[in-house]
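Residues per chain, in single letters:
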Amino acid sequence: MALPWDFRPIEGARVRLELLVPDDVDALYAIQSDPAVCEYLLYEPRSRERVAEVLARDAGATRLASPDDFVQPAIRDSTGRLIGTMYLKLASVDDKTAEIGWLLDPQFQGRGYAREAAALVLDLAFGELGLHRVYAELDPRNAASVALCERLGMRHEAHFREHMWFKGDWADTGIYAILEQEWAGGPA
Ligand SMILES: CC(C)(COP(=O)(O)OP(=O)(O)OC[C@H]1O[C@@H](n2cnc3c(N)ncnc32)[C@H](O)[C@@H]1OP(=O)(O)O)[C@@H](O)C(=O)NCCC(=O)NCCS
């Protein structure tokens with residue numbers, strides 16, 4: 001496994017993954033303050049101040065070396081505009097496992113950008129990083145996220161019933177995962 005790994009921009013056909021910069025605060029605030037975007041996220045819609053704090057934390061997360069290290073790059077379109085963020089957290093070094101996550105500006109949903117960005121992250125995870133398994137945790141009611149997992153060829157591995165107290169009610173959690181040899185076969 002190629003650790004430590006220091007973030008470098010990743011270029012796709014239509015999107016580029018780059019570290020967040022302070023100037024992203026307004027675009028990120030527009031996304032993270034939207035109640036529809038946050039419906040199935042662990043956090044409530046964020047204030048601009050909270051977005052600025054989280055952005056500063058995430059912009060400084062540039063190295064994967066130990067469990068819980070993460071990167072949260074911006075997804076930018078060909079104009080350089082921030083259209084969302086990707087997330088990759090090293091869950092275990094010994095088990096070569098990471099968690100993946102995604103967030104897209106509603107104006108840019110429905111065009112395949114999230115799938116392209118996620119595919120870049122899976123290429124990185126199973127290529128350069130040499131990981132063995134990547135998983136996503138989601139609220140099974142989050143149909144767009146479930147569909148994205150399925151488009152990527154991730155398998156539905158688990159469904160925990162009333163697993164967590166979430167925004168005033170019990171909520172289920174779904175786990176989707178993909179192994180290096182499955183990704184080598186390409187997305188579904
Ligand atoms: C989850 C999320 C990232 C999915 O975004 P998305 O836009 O549905 O996913 P993609 O960008 O891959 O786009 C897929 C759609 O674009 C369509 N599409 C259009 N042009 C396309 C192209 N050139 N290539 C691929 N797909 C294309 C696909 O057919 C698909 O449409 P469908 O949903 O009608 O089947 C988004 O809903 C989101 O940010 N939600 C809020 C945050 C959230 O819940 N995050 C996950 C927490 S677990």
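Every value quoted in this text rests on a predicted model; they were computed, and no experiment measured them. Along each chain, numbering runs from 1 in the same order as the chain's sequence is written. In keeping with the model being predicted, local features are shown solely for residues with a pLDDT of at least 70 and side-chain atom pairs are shown and tallied solely at 80 or more, while totals for entire chains, interfaces and linings include all residues. Derived side-chain values reflect all non-hydrogen atoms in the structure, with water molecules and hydrogen atoms excluded from consideration.

(A) Spotlight on the pattern of salt bridges. By definition here, a salt bridge exists when the distance from a side-chain nitrogen of Lys or Arg to a carboxyl oxygen of Asp or Glu is within 4 Å. Within the structure shown, the criterion is met by 17 salt bridges. Close ionic contact of Glu157 with Arg155 constitutes a salt bridge, the shortest N to O distance being 3.1 Å. For Glu157, a relative accessible area of 36% gives the class partly exposed. For Glu182, the salt bridge is made with Arg155, and the minimal N-O distance between the two is 2.7 Å. Within this pair, whereas Glu182 is found in helix α6 (residues 180-184), its partner Arg155 is found in strand β10 (residues 155-166), the two being separated by 27 residues in sequence. Relative accessibility thresholds used throughout: buried, under 20% of the residue-type maximum; exposed, over 50%; partly exposed, between the two (1.4 Å probe, protein chains only). Put simply, DSSP H or I for four residues or longer makes a helix, DSSP E for two residues or longer makes a strand, and each gets a number counted from the N terminus.

(B) Here's a closer look at the site of the ligand. Residues are labelled near a given molecule or strand when at least one of their non-hydrogen atoms is within 4 Å of it. Within the structure, the ligand sits among 20 residues, and Trp102, Leu104, Gly110, Ala114 and Asn142 are positioned closest to it. Pairing of N or O atoms within 3.5 Å defines a polar contact, subject to two protein rules: one partner must be a possible hydrogen donor and the other a possible acceptor, and residues neighboring in sequence count only if both atoms are side-chain atoms. Gly112 places a main-chain nitrogen or oxygen 2.9 Å from an oxygen atom of the ligand. Using a 1.4 Å probe, accessible areas were evaluated by the Shrake-Rupley method; residue-level cover was limited to the displayed protein chains. Contact with the protein chains hides 66% of the accessible area of the ligand, taken as 960 Å² for the molecule alone. Two kinds of site are reported from a 1 Å grid over the protein atoms alone, namely cavities, where a 1.4 Å probe fits but cannot get out, and pockets, open sets with protein on both sides within 12 Å along at least five of seven lines, and residues are called lining when an atom falls within 4 Å of a point. By definition, a pocket or cavity contains a molecule when more than half of the molecule's atoms lie within 2 Å of the pocket's grid points. With respect to the detected pockets, the ligand is housed in the largest pocket. Of all the secondary structure elements, the ones that give two or more residues to the shell around the ligand are β8 (97-104), α4 (113-126), β9 (133-138) and α5 (143-151). If one sorts the elements of the shell around the ligand by residue count, α5 sits on top with four residues. Classifying every residue of the shell around the ligand by side-chain character gives 10 nonpolar, five polar and five charged. In this classification, the charged set is Asp, Glu, Lys and Arg, the nonpolar set is Ala, Val, Leu, Ile, Met, Phe, Trp, Tyr, Cys and Pro, and all remaining amino acids, among them Gly, are polar.

(C) Focus on the side chain of Arg76. Summarising the element assignment, Arg76 is placed in strand β6 (residues 74-76). Of the polar contacts made by the side chain of Arg76, one reaches the backbone oxygen of Leu19; its length is 3.4 Å. Contact definition: two residues touch when any of their heavy atoms are within 4.5 Å. With near-sequence residues (within four places) excluded, Arg76 lies in contact with Arg14, Val15, Arg16, Glu18, Leu19, Leu20, Val21, Asp24, Arg81 and Leu82.

(D) Representation of unusual backbone geometry in the model. Following Leu3, the chain continues to Pro4 via a peptide bond in cis, the omega torsion being 0°. Examined against the element boundaries, Pro4 turns out to sit in the segment before β1 (5-6). In the Ramachandran plot, Asp68 falls in the positive-phi region, its phi being about 80° despite a non-glycine side chain. In this fold, Asp68 is placed in the loop between β4 (63-64) and β5 (70-71).

(E) Structural context of the packing of aromatic side chains. In this analysis, rings of Phe, Tyr and Trp, with Trp reduced to its six-membered ring, are considered paired at centre separations within 6.5 Å, and the interplanar angle assigns stacked below 30 degrees, edge-to-face beyond 60, and tilted for intermediate values. Enumeration over the complete set of coordinates arrives at four aromatic pairs. Summarising the aromatic geometry, the rings of Phe70 and Tyr87 are spaced 5.8 Å apart at their centres and angled 45° between planes, so their arrangement reads as tilted. Pair noted here: Phe70 is in strand β5 and Tyr87 is in strand β7 (residues 82-92), with a separation of 17 residues, a long-range link. Assessed through its relative accessible area of 18%, Phe70 is described here as buried. Between Trp165 and Trp170, the ring centres sit 5.2 Å apart and the planes meet at 75°, which makes this aromatic pair edge-to-face.

(F) Fine view of the packing of helix α1 (residues 25-32) against helix α3 (residues 48-59). What counts as an axis is a line fitted to C-alpha atoms, over the stretch in contact for a helix, and the angles between N-to-C directions run from 0 to 180 degrees. At a closest axis distance of 9 Å, the pairing of α1 and α3 adopts a crossing angle of 115°. In this structure, α1 crosses over α3, and the sense of that crossing is right-handed. Contact residues: Val25, Asp26, Leu28, Tyr29 and Gln32 in α1; Arg48, Val51, Ala52 and Leu55 in α3. Taken together, the residues that form the contact of α1 with α3 break down as six nonpolar, one polar and two charged. Crossing handedness follows the turn of the near helix against the far one: under a right angle anticlockwise gives a left-handed crossing, and clockwise gives a right-handed one.

(G) Representation of the environment of Ile31 in the model. Along the chain, the position of Ile31 falls in helix α1. Owing to a relative accessible area of 0%, Ile31 belongs among the buried residues under this scheme. C-alpha separation for the pair Ile31 and Glu150, spaced 119 residues apart in sequence, amounts to 24 Å. When neighbours within four sequence positions are excluded, Ile31 is seen to be in contact with Val37, Leu82, Ile83, Gly84, Leu103, Leu104 and Asp105.

Everything listed is a geometric property; what it means functionally is a separate question.
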